[in-house]
Amino acid sequence: MSPSYSPATGAVPCAAMWYDARAFGRPMYRFGAPAGHHDGWKPCLGAGTDLVEVDGASRLVCTDHARQTRAVAAAGLASRLRWRH
């Protein structure tokens, strides 16, 4: 079960990560204390609705990322995708 599973709505979040250049290098904080600098990768906040298989692993992703994931995998660039843990 996903650590971000919401029992209230039954929704599992999209497994995809997206790159935000604005966040790169900004300080990160955990519990009010500095925790390093942001690498720019952020989790998608959409609900996972489509099951997509990439390199033998099934991922639950939102509709927008499902289309993009299939296109990237078809182009042979699946190793460049990042996934939520």
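These numbers were taken from a predicted model, which means no experiment stands behind them. (Residues numbered from 1 in each chain as written. Predicted model: local features only at pLDDT ≥ 70, side-chain atom pairs only at ≥ 80, totals over all residues. Heavy atoms only, no water.)

Observations regarding the pattern of salt bridges
Under the criterion given, the structure shown has 3 salt bridges. Close ionic contact of D20 with R22 constitutes a salt bridge, the shortest N to O distance being 3.1 Å. On the accessibility criterion, D20 (6% relative accessible area) is buried. With relative accessibility at 62%, the residue R22 sits in the exposed group. Among the salt bridges present, the one from D39 reaches R82, with a minimum N-O distance of 3.6 Å. In this pair, D39 sits in the loop between strand 3 (33-37) and strand 4 (41-43) while R82 sits in the segment after helix 1 (63-74), placing the two residues 43 residues apart along the sequence. Residues joined by salt bridges that share partners form a network here, namely D20, R22 and K42. (Salt bridge = Lys/Arg side-chain N within 4 Å of Asp/Glu carboxyl O. Buried < 20%, exposed > 50% of the residue type's maximum accessible area, 1.4 Å probe, protein only. Helix = DSSP H or I, 4+ residues; strand = E, 2+ residues; numbered from the N terminus.)

Here we look at the pairing of strand 3
In this structure, strand 2 (residues 27-30) lies alongside strand 3, joined through 3 bridges in antiparallel fashion. What sits directly across from R30, in strand 3, is A33. Hairpin connection of strand 2 to strand 3: 2 residues between the antiparallel strands, including F31 at a positive phi of 55 degrees. (Pairing = 2+ DSSP bridges.)

Focus: the packing of aromatic side chains
Applying the stated criterion across every chain yields a total of 1 aromatic pair. Ring centres of Y19 and W41 lie 5.4 Å apart, and the angle between their planes is 65 degrees; on these two criteria the pair is classed as edge-to-face. Of this pair, Y19 sits in strand 1 (residues 17-19) while W41 sits in strand 4, and the two are 22 residues apart along the sequence. For Y19, a relative accessible area of 41% puts it in the partly exposed group. (Phe/Tyr/Trp six-rings, centres within 6.5 Å; stacked < 30°, edge-to-face > 60°.)

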